[in-house]
Amino acid sequence: MTAADRSSTVQDLEQFRLDVRQWLEDNCPESQRQPITPEEQYFGGRNATFPSEDARIWFERFRDKGWVCPEWPTEYGGGGLSPQQGKVIKEEMKAIRARTPLYGIGIWMLGPALLEFGNEAQKQQHIRDIIDGKVRWAQGYSEPGSGSDLASLQCKAEDMGDHFLVNGSKIWTTAADKCDWIFCLVRTDPDAKKQEGISFLLIDMDDPGITTTPIELISGESEFCQTFFDNVRVPKENLVGELNAGWSVAKALLVHERKLMSEIGSDSPREVVVPNQAARQYLEFEDGKIADAELRSRLVDYDMEMHAVGLTHFRTFEEKVAGVRSAAPLVMKYVGTEAEKQKSELLLAIMGSQGLGWEGEGFNRAEIDTLRLWAMSYAMTIAGGTSEVQLNVIAKNVLELPQG
Amino acid sequence: MALVLNEEQQFLQDTAREFLKTNAPVEALRTLRDERNKTGYDSALWQQMAELGWASIILPEEYGGLDFGFLGLGVVMEEAGRTLTASPLFASAVVGASAILLGGTPSQKETLLPAIAAGETTLALALEEHNRHKPHSIATTAETTDDGYVLNGRKTFVLDGHSANQILVVARSAGDTGDSAGLSLFLVSGDAPGIQRQRTLMADSRNAANITLDNVAVGPEALVGEAGQGWSVLEPVLDRGRVAMAAEMMGIALECFERTVAYLKEREQFGALIGSFQALQHRAAFMQTQLELARSVVLQALSAVDETPEQLPLLASLAKARLNDLAQLVTNEAVQMHGGIGVTDEMEIGFFLKRARVAMQVFGDTSFHKDRYATLCGY
């Protein structure tokens, strides 16, 4: 790229930013420019209803503009924009605190995997439905006995000629009780080596033989479920990628999931409390300094960590644009979720007994949310591959250490 | 803000790595140490480095500089960290040159900067008076006389102070010890009457002199910046030094880490390569996460020098604190993972450990910078 090209790109991007700003100003309803609550998050799906009329209008305008998935190809309903433009949209939305009109792991995880591994018919059938919010997806990876050892999964799909017969169970299926379809890793060859007998299947949850029950967590929420498959017939055309080669699809999808989890907190529906603001509210100061030296020190550690993590996110983006490969993306899930846990512990320490309210009188919304997020933060260093698994991945893929 | 090196900087990095690996590997530092080399660095090597433009890398072209900015400097510092190259690059080309560039009179700039750029003149900053970094706790006095000033005091930890041609002395012309107001900077010839330079040999086999100033008389032209306003020059100079030292520590950590990972892949114990043990894999992988975070903060701090100097105090403290911690983590783990051989003098890992300890004290340890960062954030 010459210097002239670069500067014209910068100019184009600046013009694009102005256009985005104007469009948001004209189209984002006032009510959609406030922090969202968990109840107001719209995930779409067959049975979904919008939390408000404004939310519906906002979603429809956004969808028609092609910005639900701005970087996906236009032929499937995406915006066909560059990563830089996608980033500009995010930044400008953040600047006016515009709500995300549609959430879902169809957008975050399945879509990118289908674009990479799906056949034309699968892309035609599913991508637009994801973008249009017509189908809400669940993820079927983990199993009760497999945990971090994902490849040990047992849920099996037998080849019955014109269809697969699926039997088994999936756990940690996020919001599966509200979902329409589920993408699953299933064992299609029990005799092959662990990772070589796995396939990637798309399953309609309306099919007979599927039941789902929620699991209550220590945070008091039950966003995860267990899903059971009892002689479920799945058409052959729902196989993504080659038979027994599902592991490569799974890995690509996990990269998206981990990237997403490393960005956790950036789009949280809960009231996000910033530690150094909480410090001003809850701690005593002497001569302009937090009187408790230990807490002051912990707060600096956290602020420095978050600065470094946020900056490294930005660097991974810069590197992607510049076509530079580095190990940075692979460390982000670990550092992002660990930092989030560190933040939760720090907030509890800063708030003292005021941070221990579970519900009801005596505690404000931010305090209760802080405690609930603290309890949730434990799930984040486990789900999507535990921190220990993340370190294994770095040891293997970045450092190329010998595998025992 | 640039978080990815451009082509020019990458080219500079390749050149620097190749040159230093060939001409100034860790083995060269060992030789300097064993020979008790008087200068503490190889003068001929320094001349070559100057010819490559490294002594003037941050200087504008009008003073014979390369004008590569701090990102360019950072690349060279990092490579010098990898090879533990002893040279006046930090003391003279970064700290000394920055002081003259930011605070010097036109005449000081015209005479000194081209000489620094050519590697003919070296500078050293005589700041510290305590065993820990306290940049405005200065008891050294500068009394006004009819002909200029008279300096009295004791300085310690003056990097390359025994060999520098010119000493940049921080002295108090007004105010109480501990005030940032009332400080002044003076350029004093290394062999001026009344100066006593005691060479030290530090853990890293390099030099940081103790200097005594006993009625050292200097003319008014020796003043760098305004009398009593030295802090406004000194603070950005220190921050530039912190950022440059952080870049060197990035190199120290990277090299030490890579050598350790290589060792994990070749050393067998209990009938297996030790790198296959999960206990060691996790510690190595954790270091990788910290290296990635450190990389980002160093790049941002280097960019800030040239692009957003108003953010430099915060970013310099962030970079120095994080890199202090990283250098400590990586060098400690490196020695431990090398096992018995790691504590032998024969193994070069120990040289990284010792250099890291010195670098960690230069212009502020972690607790100094955490305190400063918190204060800058208003808590």
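Here the structure is a predicted model, which means the values were calculated and not measured.

**As for the overall build of chain A**
Helix and strand content of chain A: 11 helices and 10 strands. Along the three orthogonal principal directions, the C-alpha set of chain A runs to about 75 × 50 × 50 Å. Within chain A, the proportion of its 404 residues that are buried is 50%. Considering only contacts in chain A between residues 6 or more positions apart, those separated by 24 or more positions represent 71%.

**Concerning the environment of B:Val305**
Residues and elements named next belong to chain B. By the element assignment, Val 305 lies in helix α8 (residues 278–307). C-alpha separation for the pair Val 305 and Ser 137, spaced 168 residues apart in sequence, amounts to 25 Å. Not counting residues up to four positions away in its chain, the partners in contact with Val 305 are Phe 70, Arg 240 and Leu 312.

**Topic: the pairing of strand β5 (residues 198–204) of chain A**
Residue and element names in this part refer to chain A. Counting buried residues along β5, seven of its seven residues qualify, which places the element largely inside the surrounding structure. Of the two faces of β5, the one lined by Ile 198, Phe 200, Leu 202 and Asp 204 and the one lined by Ser 199, Leu 201 and Ile 203 are each fully buried. With seven bridges joining them, strand β4 (residues 181–187) and β5 adopt antiparallel strand pairing. In the strand pairing of β5, Leu 185 is matched with Phe 200.

**With respect to the environment of B:Asp146**
All names here are of chain B. Tracing the sequence through the fold places Asp 146 in the loop between β2 (141–145) and β3 (148–159). Overall, the relative accessible area of 84% leaves Asp 146 in the exposed class. Expressed as a C-alpha distance, the spacing of Asp 146 and Asn 131, which sit 15 residues apart in the sequence, is 35 Å.

**Here we look at the pattern of salt bridges**
Residue and element names in this part refer to chain B. This structure, assessed with the given rule, holds 44 salt bridges over all chains. Where Asp 34 meets Arg 33, a salt bridge forms, and the shortest distance between an N and an O atom there is 3.0 Å. Judged by its relative accessible area of 52%, Asp 34 is exposed.

**A closer look at the interface of chain A and chain B**
Of the residues lining the interface, 43 residues belong to chain A; the matching set on chain B comes to 39 residues. Overall, the association of chain A and chain B removes approximately 3400 Å² of surface from exposure, summing both partners, and the carbon and sulfur fraction of that is 65%. For chain A, the biggest contributors to the area lost against chain B are A:Met304, A:Arg315 and A:Leu399; these three give 19% of the whole. Linking chain A with chain B are five salt bridges, by the criterion used here. For B:Asp371, the salt bridge identified is with A:Arg296, shortest N-O distance 2.8 Å. Viewed at the interface, chain B and chain A are joined by 20 residue pairs in polar contact (both at pLDDT 80 or more). For the side of chain A that touches chain B, the secondary-structure elements that each account for two or more residues are α7 (275–282), β10 (289–290), α8 (293–322), α9 (328–351) and α11 (387–398) of chain A. Here the side of chain A that touches chain B gets 18 residues from one element, more than from any other, and that element is α8(A).

**Re the confidence of the model for chain B**
Across chain B, the average pLDDT comes to 97, with 100% of residues at 70 or higher. With a pTM of 0.89, the predicted complex shows an ipTM of 0.94.

**Focus: the packing of α9(A) against α11(A)**
Residue and element names in this part refer to chain A. Relative to each other, α9 and α11 sit at 155 degrees, their axes nearing to 9 Å. Taken together, the axis directions place α9 and α11 in an arrangement best described as roughly antiparallel. Seen from above, α9 lies across α11 with left-handed handedness. Note on element contacts: α11 touches α9 through Ser 387, Gln 390, Leu 391, Val 393, Ile 394, Asn 397 and Val 398, opposite Leu 330, Val 331, Lys 333, Tyr 334, Thr 337 and Glu 338. Grouping the constituent residues of the contact of α9 with α11 by class yields seven nonpolar, four polar and two charged.

**Side note on the UniProt feature "domain: Acyl-CoA dehydrogenase/oxidase C-terminal" (unreviewed entry) in chain B**
UniProt annotation of "domain: Acyl-CoA dehydrogenase/oxidase C-terminal" (unreviewed entry) refers to residues 228–370 of chain B when read in the numbering used here. Along residues 228–370 of chain B the backbone is 77% helical and 3% strand, and the end-to-end C-alpha distance reaches 27 Å.

**A short note on a negative patch on the surface**
On the surface, B:Glu61, B:Glu62, B:Asp67, B:Glu110, B:Asp306 and B:Glu307 cluster together to form a negatively charged patch. Tracing the backbone through its elements, the reader meets B:Asp67 in the loop between α3 (43–51) and α4 (69–83).

**Observations concerning the UniProt feature "domain: Acyl-CoA dehydrogenase/oxidase N-terminal" (unreviewed entry) in chain B**
In the numbering adopted here, UniProt assigns the feature "domain: Acyl-CoA dehydrogenase/oxidase N-terminal" (unreviewed entry) to residues 6–120 of chain B. Along residues 6–120 of chain B one finds 67% helix and 0% strand; the C-alpha atoms at either end are 30 Å apart.

**Some words on the nonpolar core**
In terms of nonpolar packing, the biggest core is built from 143 residues, with B:Trp54, B:Phe90, B:Leu125 and B:Leu323 touching the most fellow members. Not counting the four nearest positions on each side in its chain, B:Trp54 is found in contact with B:Leu12, B:Ala16, B:Phe19, B:Leu20, B:Met49, B:Val76, B:Leu89 and B:Ala93. In this structure, A:Trp72, A:Val88, A:Trp181 and A:Ala250 belong to the second largest nonpolar core, which totals 47 residues.

**Examining helix α5 (residues 120–131) of chain A**
Residue and element names in this part refer to chain A. For α5, which comprises 12 residues, the first-to-last C-alpha distance of 16 Å matches the rise-based estimate of 16 Å (1.5 Å per residue) to within 8%. Elements in contact with the buried residues of α5: α2 (53–65), α4 (105–117), β1 (137–140), β4, β5 and β8 (239–240). With a side-chain oxygen positioned 3.2 Å from the backbone nitrogen of Ala 121, the residue opening α5 is Asn 119.

Reading guide: rules and limits
- Residues numbered from 1 in each chain as written.
- Chains lettered and ligands numbered in written order.
- Predicted model: local features only at pLDDT ≥ 70, side-chain atom pairs only at ≥ 80, totals over all residues.
- Heavy atoms only, no water.
- Helix = DSSP H or I, 4+ residues; strand = E, 2+ residues; numbered from the N terminus.
- Buried < 20%, exposed > 50% of the residue type's maximum accessible area, 1.4 Å probe, protein only.
- Contact = heavy atoms within 4.5 Å.
- Pairing = 2+ DSSP bridges.
- Salt bridge = Lys/Arg side-chain N within 4 Å of Asp/Glu carboxyl O.
- Buried area = accessible area lost by both parts, 1.4 Å probe.
- Polar contact = N/O pair within 3.5 Å; in protein donor to acceptor, adjacent residues only side chain to side chain.
- pLDDT = per-residue confidence, 0-100.
- Axes fitted to C-alpha atoms, helices over the stretch in contact; angles between N-to-C directions.
- Parallel < 35°, antiparallel > 145°, perpendicular 65-115°, else oblique.
- Left-handed = near helix turned anticlockwise from the far one by under 90°.
- Nonpolar A, V, L, I, M, F, W, Y, C, P; charged D, E, K, R; others polar.
- UniProt positions renumbered as here; feature names shortened; annotations may be inferred.
- Patch = residues over 30% accessible without salt bridge, like charges linked within 9 Å, V, L, I, M, F, W, Y side chains within 5 Å.
- Areas by Shrake-Rupley, 256 points an atom, 1.4 Å probe, with all protein chains shown as cover.
- Lys, Arg positive; Asp, Glu negative; His and termini not counted.
- Charge placed at Lys NZ, Arg CZ, Asp CG, Glu CD.
- Core = buried A, V, L, I, M, F, W, Y, C linked by side-chain atoms within 4.5 Å.
- Expected span 1.5 Å × (residues − 1).

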